[in-house]
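Remarks on the overall topology
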Amino acid sequence: MLHFPQRNKATPQLYADETDAPLPETLNPKIRYAYFSTIATGGKSLIQSCRDLYLGRTVCYKTLKPEFQKDPTENLRLLREARISAMLQHPNTMPTYEVGRDNRGHYFFTMKLIHGYTLRELFNYRQRYDFSQLMNVIVQVGNALGYAHSAGVVHRDIKPDNVLIGPYGEVLLLDWGLAKVWPREGASAGSNLPDLDIGVAMTNAGKLQGSVMYMSPEQINREPDIDSRTDIYSLGAVMYEALTGHTPFTGHVVRKILEDVRDKVPDVPSHFGNLEVPKVLSELTMSCLSKNPNDRPGSAAEVIRIIKHNWAP
């Protein structure tokens, strides 16, 4: 298990005057949250911490940046992310607490706040960790994917930046805003949500270079029949980086990276620092990175089974 120094202060003491304080006779949801502080800004979203005055806890509050608050696609994406996160009740997914509109009518949702480290930050200090520690993170991400796939949800944005490791070793797969879900069988076209497809054209240059390293060939090609096997590819790309210290394909020219993802086979992982990479892990990683989805492991559960049982650290 991975252990890290906690970024937050010591857990605050709980007192009876806080736990037993009565709720106001009239609850006004528009004044429920206070003491906002910015945690991070994404390409289109703003993430803040704030105090939930009803429950007496600090939570994570996500909304759109002002310039995107009237964009119907981005609003739908945020709402879909909130609901998918809420519906996928799994230990390795971030729980959603509430979705609503703020005082100006704009969407927001609140989540559990964890002061942890992303897998990207871990990779920056990869030499401090061994096979078993990093593979444990991969297994837990695979658990989240297996559960999501069983519910008909494809994440489509698996990358180290979207994996959070908490101070007690918990691993959470974040950011379901690009997830794909399918309409109910027999539903009329007019009742379907539009497909929020993720393709090269939808991402700005900065995000593209960070995400394209983990996209499957079919995702880059925006193939209409994309399915859960695209997540298996992305998980394999993350595993490759865990083993080798770099992504399967590297470079600064996006067009060249796209060509490599489509056509080039990466070098086989051979060494983890000065240690030889176990053959089974090397073969599993290369299998996940197969260009043809049919040549990849059939499920996240299969990936997990191989990692957990077919090699000894």
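Residues numbered from 1 in each chain as written. Predicted model: local features only at pLDDT ≥ 70, side-chain atom pairs only at ≥ 80, totals over all residues. Heavy atoms only, no water.

Glancing now at the side chain of His 155. Mapped onto the elements, His 155 comes out in the loop between α4 (131-150) and β7 (163-165). Among the polar contacts made by the side chain of His 155, one reaches the main-chain carbonyl oxygen of Asp 175 at a distance of 3.0 Å. Apart from the residues lying within four places of it in its own chain, the contact partners of His 155 are Leu 145, Asn 162, Leu 173, Leu 174, Asp 175, Trp 176, Leu 178, Ala 179 and Asp 231. (Helix = DSSP H or I, 4+ residues; strand = E, 2+ residues; numbered from the N terminus. Polar contact = N/O pair within 3.5 Å; in protein donor to acceptor, adjacent residues only side chain to side chain. Contact = heavy atoms within 4.5 Å.)

Quick look at the sheet that holds strand β6 (residues 117-118) now. In space, the three strands of this open sheet follow the order β6-β7-β8, with antiparallel pairing throughout. The sheet terminates laterally at β6 and β8 (171-173), the two strands that pair on one side only. Here three bridges tie β7 to β8, and the two strands are oriented antiparallel to one another. Pairing of Leu 164 across the sheet is with Leu 172, part of β8. Where α4 meets the sheet, its contacts fall on β7 and β8, and the angle it forms with β8 comes to roughly 45 degrees. (Pairing = 2+ DSSP bridges. Axes fitted to C-alpha atoms, helices over the stretch in contact; angles between N-to-C directions.)

The next subject is the environment of Arg 229. Relative to the helices and strands, Arg 229 resides in helix α7 (residues 229-244). Assessed through its relative accessible area of 23%, Arg 229 is described here as partly exposed. Taking the C-alpha atoms as reference points, Arg 229 and Glu 218, 11 residues apart in sequence, are found 9.6 Å from one another. A distance of 2.9 Å separates polar atoms of two side chains, one belonging to Arg 229 and the other to Asp 227. (Buried < 20%, exposed > 50% of the residue type's maximum accessible area, 1.4 Å probe, protein only.)

Examined bridge by bridge, strand β1 (residues 33-41) and strand β2 (residues 45-52) share six bridges and lie antiparallel to one another. Pairing of Thr 41 across the sheet is with Leu 46, part of β2.

A few words on α7. An α-helical turn contains 3.6 residues, so a residue and the one three or four places further along point in the same direction. Across its 16 residues, α7 extends 22 Å between first and last C-alpha, which sits within 8% of the 22 Å expected from 1.5 Å per residue. Judged by how many residues are buried, α7 sits mostly within the fold: 15 of 16 residues are covered. Once α7 ends, the next one or two residues include Gly 245, with phi positive near 90 degrees. (Expected span 1.5 Å × (residues − 1).)

Attention shifts here to the pattern of salt bridges. For the structure shown, the criterion picks out 13 salt bridges. Residue Glu 74 is joined to Arg 77 by a salt bridge in which the shortest nitrogen-to-oxygen separation is 3.4 Å. One end of the pair, Glu 74, and the other, Arg 77, are both in helix α2 (residues 72-87), three residues apart, so they sit about a helical turn from each other. Accessibility classification places Glu 74 together with Arg 77 in one group, the buried group. Here Glu 218 and Arg 296 are joined by a salt bridge, their closest N and O atoms 2.7 Å apart. Pair noted here: Glu 218 is in helix α6 (residues 217-220) and Arg 296 is in the loop between α9 (279-288) and α10 (300-309), with a separation of 78 residues, a long-range link. Residue classification places Arg 296 among the buried residues on the basis of a relative accessible area of 5%. Residues joined by salt bridges that share partners form a network here, namely Arg 32, Asp 52 and Glu 98. (Salt bridge = Lys/Arg side-chain N within 4 Å of Asp/Glu carboxyl O.)

Quick look at the packing of α4 against α10 now. For the pair α4 and α10, interaxial distance at closest approach is 8 Å and the crossing angle is 155 degrees. With respect to α10, the axis of α4 lies roughly antiparallel. Read as a crossing pair, α4 and α10 show a hand that is left-handed. Seen from α4, the contacting residues are Met 135, Ile 138, Val 139, Gly 142, Asn 143, Leu 145 and Gly 146; seen from α10, they are Ala 300, Ile 304, Ile 307 and Lys 308. Across the contact of α4 with α10, the residue classes break down as seven nonpolar, three polar and one charged. (Parallel < 35°, antiparallel > 145°, perpendicular 65-115°, else oblique. Left-handed = near helix turned anticlockwise from the far one by under 90°. Nonpolar A, V, L, I, M, F, W, Y, C, P; charged D, E, K, R; others polar.)

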